[in-house]
Amino acid sequence: MISYELALPYSLEPGWLAPYVEALQKGRAMGRSCSKCGSVSFPPQRRCQCGSGEAQWVRLSGKASVLLRTHGSDGTFGLVQFEGATNKAVTRLEGFASEITDGHLIAPPSDVPALILAPSKSRSTP
Ligand SMILES: [Zn+2]
């Protein structure tokens, strides 16, 4: 194999996803609530499963439960269910021990928006 590093500068405009992207950069979750059926998507969907394109932005808690996880050479990732959302999301999992299933969204280490989940503080056991 021949390795070659390729630099490709580019910029992406968030467009209609601006509220979502700006919230992600701060470690916050903004979802879309469908005006027709009330379904909340996070990550936001342009068009709801019911077919409606009308929706409002809603702030979610950012808390999520890990449903499935996979470990790779570039990190651990999970299929998660965010509190208040009807769809699921794939996120990076930072600092998750195998028994931890609850986490919350955190701000990415750079300005590049990313879905990163950190473990929620464990409940004290009596
Ligand atoms: Zn809908």
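Use the structure listed above.
Residues numbered from 1 in each chain as written. Predicted model: local features only at pLDDT ≥ 70, side-chain atom pairs only at ≥ 80, totals over all residues. Heavy atoms only, no water.

Enquirer: Go over the sheet that holds strand β4 (residues 63-72), please, and point to the residues and values.
Expert: Strands pair in a sheet through their backbones, by hydrogen bonds, and they do so in one of two ways: parallel or antiparallel. Read around the barrel, 5 strands follow the order β4-β5-β6-β8-β7 and close on themselves; strand pairing throughout is mixed. Taken over all neighbouring pairs, the strand axes of this sheet differ in orientation by 55 degrees on average, direction set aside. For strand β6 (residues 89-93) and strand β8 (residues 116-119), the ladder comprises 2 bridges, and the chain directions are parallel. Looking at the pairing, Leu 93 lines up with Leu 117 of β8. (Pairing = 2+ DSSP bridges. Helix = DSSP H or I, 4+ residues; strand = E, 2+ residues; numbered from the N terminus. Axes fitted to C-alpha atoms, helices over the stretch in contact; angles between N-to-C directions.)

Enquirer: Explain unusual backbone geometry residue by residue, including any values.
Expert: Here the residue pair Phe 42 and Pro 43 is connected by a cis peptide bond, since its omega of 0 degrees sits within 30 degrees of zero. For Pro 43, the position within the fold is in the loop between β2 (40-41) and β3 (55-60).

Enquirer: Provide a residue-level description of the packing of aromatic side chains, including the pertinent values.
Expert: Under the defined criterion, the tally for this structure stands at 3 aromatic pairs. With centroids separated by 4.7 Å and ring planes inclined at 75 degrees, the aromatic side chains of Phe 42 and Phe 82 adopt a geometry described as edge-to-face. With a gap of 40 residues between them, Phe 42 in the loop between β2 and β3 and Phe 82 in strand β5 (residues 75-82) connect regions that are remote in the sequence. Judged by relative accessible area, which is 0%, Phe 42 ranks as buried. Among the aromatic residues, ring-to-ring pairing joins Tyr 20, Phe 42 and Phe 82 into one connected group. Across from the ring centre of Trp 57, 4.9 Å away, lies the NZ or CZ of Arg 32, which sits over that ring. (Phe/Tyr/Trp six-rings, centres within 6.5 Å; stacked < 30°, edge-to-face > 60°. Buried < 20%, exposed > 50% of the residue type's maximum accessible area, 1.4 Å probe, protein only. Lys NZ or Arg CZ within 6 Å of the ring centre and 35° of its normal.)

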